[in-house]
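Residue-level structural notes
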Amino acid sequence: MLQHLLNTSAIWLLSLVLFDIFLRKETYHGYNRAYLLITFVIGLLLPFWSWSDASVIEATGMSRPVERTEVVRQTIVDAGATTASTNWLQWLLIAYAVGIAISVVFLIRDVVLIISYYKTGKRSKDGVWTVIETNKEHSPFSAFRWVFINSKDNYTPNQLRAVLTHEQQHGHSLHFIDLLLMQLARVFLWFHPLVYVFNNRLLMVHEYQADAAVEKQPEEYGRFLVEQAMLRSAPALSHSFNRSPIKNRIIMLTRKTSALAKGKQLVITPLLLVALVFCTQKGFSDEKKKQGNKLHYKGNVFELWAPGPDTVMVVDPTTGEEFMKIATIDSFPVKMNDQHIYKEDELTADEKIAADKTKEEIENYIFKNIKTDLEKLDDGTYFIFTFQTIIDKKGKVVYNHTSQINIDGNSPERKDYSTLNRKISEVLSKGSNFTPVKREGTAVVFRWNNLFSVDDLFTIKGHKLSKGRQ
């Protein structure tokens, strides 16, 4: 989530800088409005998108004894890994919720004020528009198909027509949709300053568009704008006739668009290219970056936990003798993007059955895609070992610590299977659209210690694959 917010901020900041440098003073108001809306939405959505299909983390060097040790310690993992961050995360969520609540209160206040003006005011029709005379000291404003003014008697016929034409232009241009989008953004992203900058820029473009629709003498209309600026502002959930800064609106009345201005419209092209390259969720790089107990990889942040060294029983593959050895237990993920990673002992019996079906989907997918490679092996019995495989809420494999081919017993002679191991990881990296694992009816991030059990053997005989020991 933090990476998404940073990428969103980068796109928005670049968009606004380019807008202020190249477009803000130009009179292509329709283009400027589209630019602001598109770049705002791109900033929200683009960081979710990924360039690359590969999203699996793969490492080597793990052993089955380590797997058994890790299974024993799973209860300790959650106790040690989740307690430290609970308090600050709870306070952060509380602060965010309070901010949303305050924003909603202000929004409701504006809605109530508009409805109150509508109910208590004197209403008359002007085409498809309803004009409401409120007898309140405020500047003219519009919402939906309602135009609110103090009183018709306060304006000359030309002034009244200018006000109505201006406010009705907001409706014809569907400016209220933009306004609603920005108000929602201000509710849920109340903490982000660039949301307010986008809102102000977009409202000014709205006023430029509405001013351009009025038949007027610039000097007379500018004087009228100054007079209206002395009145009280309208509710935020509306378009106000005296939207500041008035000086900019007066300057825009007489501004001429230069031939160079048309070329400036192409500024959005390099912007999108830069955003695509640098601000997507996962970009081009496959580099894994570890910072403390956090592993950053293609937009996901995995929180790791390492139980430390332990003693395990190891079997000598040559003599068959079993002996004790100190093994360093490698770290493994307990959270992804601050979300808890569930495991089998946290599921109910019915949920385990459903999770086993998903597990079978992934196993069949692997066998289907590497069958040709497996049938190149020497005759013998084998099994596949996948250590710490994680699937996200959308049914995509996002983490796999180790993938390797193992021999069952002493037959056949062991060889270098590194190429085939990499192929298994590549297949896993493209695995998606599996059935998500659910906990209490909700999809969760889930981890299997090993997709394949020790009984999931397959036999190669005459370069033909069959399941089980033959």
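Residues numbered from 1 in each chain as written. Predicted model: local features only at pLDDT ≥ 70, side-chain atom pairs only at ≥ 80, totals over all residues. Heavy atoms only, no water.

1. Brief notes about empty space enclosed by the protein
- For the structure shown, the criterion picks out one cavity of 30 Å³ or more.
- Contributing to the lining of the largest cavity are W129, S142, A143, F144, E167, H170, G171, F176 and H239.
- Mapped by element, the contributors of at least two residues to the lining of the largest cavity are β3 (141–143) and α5 (157–172).
- In terms of residue count, α5 provides more of the lining of the largest cavity than any other element does, three residues in total.
- Looking at the lining of the largest cavity, its residues break down into four nonpolar, four polar and one charged. (1 Å grid on protein atoms, 1.4 Å probe; cavity = no way out; pocket = protein on both sides within 12 Å on 5 of 7 lines; lining within 4 Å. Points joined across faces, edges and corners; volume = space filled by probe spheres on them. Helix = DSSP H or I, 4+ residues; strand = E, 2+ residues; numbered from the N terminus. Nonpolar A, V, L, I, M, F, W, Y, C, P; charged D, E, K, R; others polar.)

2. Some points on the nonpolar core
- One finds I362, I366, L374, I384, I405 and F458 to be the most contacted residues of the largest nonpolar core, which totals 28 residues.
- At the level of secondary structure, the elements contributing two or more residues to this core comprise α12 (349–374), β13 (380–391), β14 (397–407), α13 (418–429), β17 (445–450) and β18 (457–461).
- When residues of this core are assigned to their parent elements, the largest contribution, six residues, is made by α12.
- Those residues within four positions of L374 in sequence are excluded, and the remaining contacts are F367, I405, L420, F458, I460 and L465. (Core = buried A, V, L, I, M, F, W, Y, C linked by side-chain atoms within 4.5 Å. Buried < 20%, exposed > 50% of the residue type's maximum accessible area, 1.4 Å probe, protein only. Contact = heavy atoms within 4.5 Å.)

3. A few points about a nonpolar patch on the surface
- A grouping of W91, I94, V98, I102 and F106 is seen on the molecular surface, where their side chains present a nonpolar patch of about 530 Å² in accessible area.
- With respect to the element layout, I102 can be found in helix α4 (residues 74–120). (Patch = residues over 30% accessible without salt bridge, like charges linked within 9 Å, V, L, I, M, F, W, Y side chains within 5 Å. Areas by Shrake-Rupley, 256 points an atom, 1.4 Å probe, with all protein chains shown as cover. Salt bridge = Lys/Arg side-chain N within 4 Å of Asp/Glu carboxyl O.)

4. Notes on the confidence of the model for the protein
- On average, the protein scores 80 in pLDDT, and the residues at 70 or more come to 78%.
- Note that pLDDT drops below 50 for residues 52–85; the model gives that stretch 88 contacts with residues more than four away or on any other chain. (pLDDT = per-residue confidence, 0-100.)

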